[in-house]
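Residue strings, one per chain:
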Amino acid sequence: MTQLTIVANIKANPDKIDLVKAELLKLIETTRSENGCINYDLHQDNDNPAHFMFYENWESRELWQIHMNAPHLAAYMQATEGAVAEFTLNEMTVIG
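So, how was this worked out
- Residues numbered from 1 in each chain as written.
- Predicted model: local features only at pLDDT ≥ 70, side-chain atom pairs only at ≥ 80, totals over all residues.
- Heavy atoms only, no water.
- Salt bridge = Lys/Arg side-chain N within 4 Å of Asp/Glu carboxyl O.
- Helix = DSSP H or I, 4+ residues; strand = E, 2+ residues; numbered from the N terminus.
- Buried < 20%, exposed > 50% of the residue type's maximum accessible area, 1.4 Å probe, protein only.
- Lys, Arg positive; Asp, Glu negative; His and termini not counted.
- Contact = heavy atoms within 4.5 Å.
- Pairing = 2+ DSSP bridges.
- Axes fitted to C-alpha atoms, helices over the stretch in contact; angles between N-to-C directions.

(A) Broad picture of the pattern of salt bridges. Scanning the model with the defined rule gives three salt bridges in all. Among the ionic pairs, Arg61 bridges to Glu91, the shortest N-O distance being 2.6 Å. In this pair, Arg61 is assigned in helix H2 (residues 61-68) and Glu91 in strand E4 (residues 84-92), connecting sequence segments 30 residues apart. Residue class for Arg61 comes out partly exposed when judged on its relative accessible area of 38%. Overall, Glu91 belongs to the partly exposed group, its relative accessible area being 38%.

In structure tokens form, the structure reads like this:
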């Protein structure tokens, strides 16, 4: 199995920063206990508080896919519907 790195950028609508942050924070404990999760770290931009970034490492893409279909992620999506202005996700592999 090849380790998978995920970089997910979430940009909240300016009037929804606190909501999005609260919902993102709820994901951490549950996700960190999932099978295959090596690390799951949430960051907030120092100059733009609406910009959040998850840096994640997973034992395999298959185990990350299970995470992507987990109930707590679905609950996050429902709770933040209309509150996120932009979302980008990069699947990456360590090369050096």
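(B) Focus on the side chain of Glu34. With respect to the helices and strands, the residue Glu34 is situated in the loop between helix H1 (17-32) and strand E2 (37-44). The side chain of Glu34 sits in the buried core without any salt bridge; Arg32 is the nearest counter-charge, 10 Å away. With near-sequence residues (within four places) excluded, Glu34 lies in contact with Trp58, His67, Ala70 and His72.

(C) Examining the sheet that holds strand E3 (residues 51-58) more closely. Spatial ordering of the open sheet is given by E2-E3-E1-E4, a layout of four strands whose pairing is antiparallel. Lying at the two open borders of the sheet, with one neighbouring strand each, are E2 and E4. Between one strand axis and the next, the sheet turns through 10° on average, direction left out of account. Sheet topology places E2 next to E3; seven bridges connect them, and they run antiparallel. When the bridges of E3 are listed, Cys37 appears paired with Trp58.

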